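Summary of structural features
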Amino acid sequence: MIASCGPENEIEYVTPDVPAELRTPVPVPKRKAETLADVGVILTDHVQALGKANGKIVAIDEILTCAETQGCEE
């Protein structure tokens, strides 16, 4: 017979809820570069998309940090 000193601990894995919007790629419009002005517009598209993508990364990091530390404040 084996005696137990306390309650058994169970590990429960919880998957953080990451909204679908944060799990989708940021689209960049496809444009033809025929003039220097077109190149400027394409560059602007990419800079805006990069900003949105980085914002998603920051939001996902906040969700994961919250789940890891269990310090979420909603």
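To start, this report covers the structure provided alongside it. None of the values given here were measured: they were computed from a predicted structure. (Residues numbered from 1 in each chain as written. Predicted model: local features only at pLDDT ≥ 70, side-chain atom pairs only at ≥ 80, totals over all residues. Heavy atoms only, no water.)

Re the overall build of the protein
Counting secondary structure elements, the protein contains one helix and zero strands. Looking at the protein residue by residue over its 74 residues, the buried ones come to 9%. A sequence separation of at least 24 residues applies to 55% of the contacts in the protein between residues at least 6 apart. For the protein, the computed accessible surface area is about 7000 Å², with 57% contributed by carbon and sulfur atoms. (Helix = DSSP H or I, 4+ residues; strand = E, 2+ residues; numbered from the N terminus. Buried < 20%, exposed > 50% of the residue type's maximum accessible area, 1.4 Å probe, protein only. Contact = heavy atoms within 4.5 Å. Areas by Shrake-Rupley, 256 points an atom, 1.4 Å probe, with all protein chains shown as cover.)

Observations concerning the pattern of salt bridges
Using the criterion set out here, one finds two salt bridges in the structure. Across the salt bridge formed by Lys56 and Glu21, the nearest N and O atoms sit 3.6 Å from each other. Residue Lys56 is located in helix 1 (residues 36-69), and its partner Glu21 is located in the segment before helix 1; the two are separated by 35 residues in the primary sequence. Since its relative accessible area comes to 11%, Lys56 is described here as buried. A residue is classified by how much of its surface remains accessible, and Glu21, at 54% relative accessible area, is exposed. The partner of Arg31 in a salt bridge is Asp45, and the shortest N-O contact between them spans 2.4 Å. (Salt bridge = Lys/Arg side-chain N within 4 Å of Asp/Glu carboxyl O.)

Focus: the side chain of Lys56
A polar contact of 2.6 Å, which involves the side chain of Lys56, links it to the backbone oxygen of Thr24. The residues touching Lys56, leaving out its near neighbours within four places in the chain, are Glu21, Leu22, Thr24, Pro25 and Val26. (Polar contact = N/O pair within 3.5 Å; in protein donor to acceptor, adjacent residues only side chain to side chain.)

Purely geometric stuff here, so don't read any function into it on its own.
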